[in-house]
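Analysis of the macromolecular model
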Amino acid sequence: MSTLLISSCNDPAQQTQPNVYYDVLSYVEGQITDLSTQKPLISKTVAINEKRNQQTTRDINWTRELELFTQADINKPALRSSYQITRPDSLTYQYTLKNSEERLTVRSLTVRLDSTTHKPNRIDAVLQTKNPLYSSERRLSLDSGPGVNTGWGIRHYTVSGFQKLPYFDKNEFLVDGRVQ
């Protein structure tokens, strides 16, 4: 009689391991859901190099608008030991990419919690990509706080940085959004 052993790559123990880093992804996904439902008025500035465009709108695809913030998620099993963790105080989490992990995009992530609610008050991240064909840097900042009638949520966000292709000028960009 032989025994058949079946193994799976989806190890349930692996999936239930607690997060090593602050769960930015869940917070941002929750905000995407809330903002998509509430449709708040947003004052938004978009700049590419010297061209600026400003608008006030309720018509925003929040999944796309906050996509880079979801990409700043570092709570993946493969990244469990990729970042140096610093706690300057009880409300701040700082994660810095270790030198041995240069291939990763998220270079740093800082989460500052509100002292009363213990929800994220500010999230900052730096994402970099560099290869022979392309280089870019994106600096992300997300400020949250209490709203007039909406509870805790995003009040201001910025994405700034550059993209550079060989033989072309560097393109700088800025997206700055404020919840009215």
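Everything that follows concerns the structure shown earlier in this document.
Only a predicted model underlies this, so the values are computations on that prediction, with no experimental measurement involved.

The next point concerns helix H2 (residues 24-38). Counted at 1.5 Å a residue, the expected span for H2 with its 15 residues is 21 Å, and the 21 Å between its end C-alpha atoms agrees. Listing the buried residues of H2 in full gives Val-24, Tyr-27, Val-28, Gln-31, Ile-32 and Leu-35. Along H2, the residues classed as buried sweep out an arc of 140° about the axis, all on the same side. Buried residues along H2 sit in contact with helix H3 (62-65), helix H4 (67-71), strand E5 (106-113), strand E6 (120-131), strand E7 (134-146) and strand E8 (152-164).

Moving on, we come to the pairing of strand E1 (residues 42-48). Of all seven residues that make up E1, five are buried, and the element is covered over most of its length. Pairing geometry for E1 and strand E2 (residues 51-57), over seven bridges, is antiparallel. Its bridge partner being in E2, Ala-47 is matched across the sheet by Arg-52. Pairing geometry for E1 and strand E9 (residues 171-179), over seven bridges, is antiparallel. When the sheet's bridge partners are listed, Ile-42 is paired in E9 with Val-179.

Glancing now at the sheet that holds E5. By definition, the strands of a sheet pair up through backbone hydrogen bonds, in either a parallel or an antiparallel sense. The antiparallel open sheet is built from nine strands, whose spatial order is E2-E1-E9-E8-E7-E6-E5-E4-E3. Each edge of the open sheet carries a strand with a single partner, namely E2 and strand E3 (83-86). Looking at each pair of strands side by side, their axes are set apart by 10° on average, direction ignored. The strands touched by H2 within the sheet are E5, E6, E7 and E8, with E8 carrying the most contacts at an inclination of about 110°.

Cut-off values and rules
- Residues numbered from 1 in each chain as written.
- Predicted model: local features only at pLDDT ≥ 70, side-chain atom pairs only at ≥ 80, totals over all residues.
- Heavy atoms only, no water.
- Helix = DSSP H or I, 4+ residues; strand = E, 2+ residues; numbered from the N terminus.
- Expected span 1.5 Å × (residues − 1).
- Buried < 20%, exposed > 50% of the residue type's maximum accessible area, 1.4 Å probe, protein only.
- Arc of directions from axis to C-beta.
- Contact = heavy atoms within 4.5 Å.
- Pairing = 2+ DSSP bridges.
- Axes fitted to C-alpha atoms, helices over the stretch in contact; angles between N-to-C directions.

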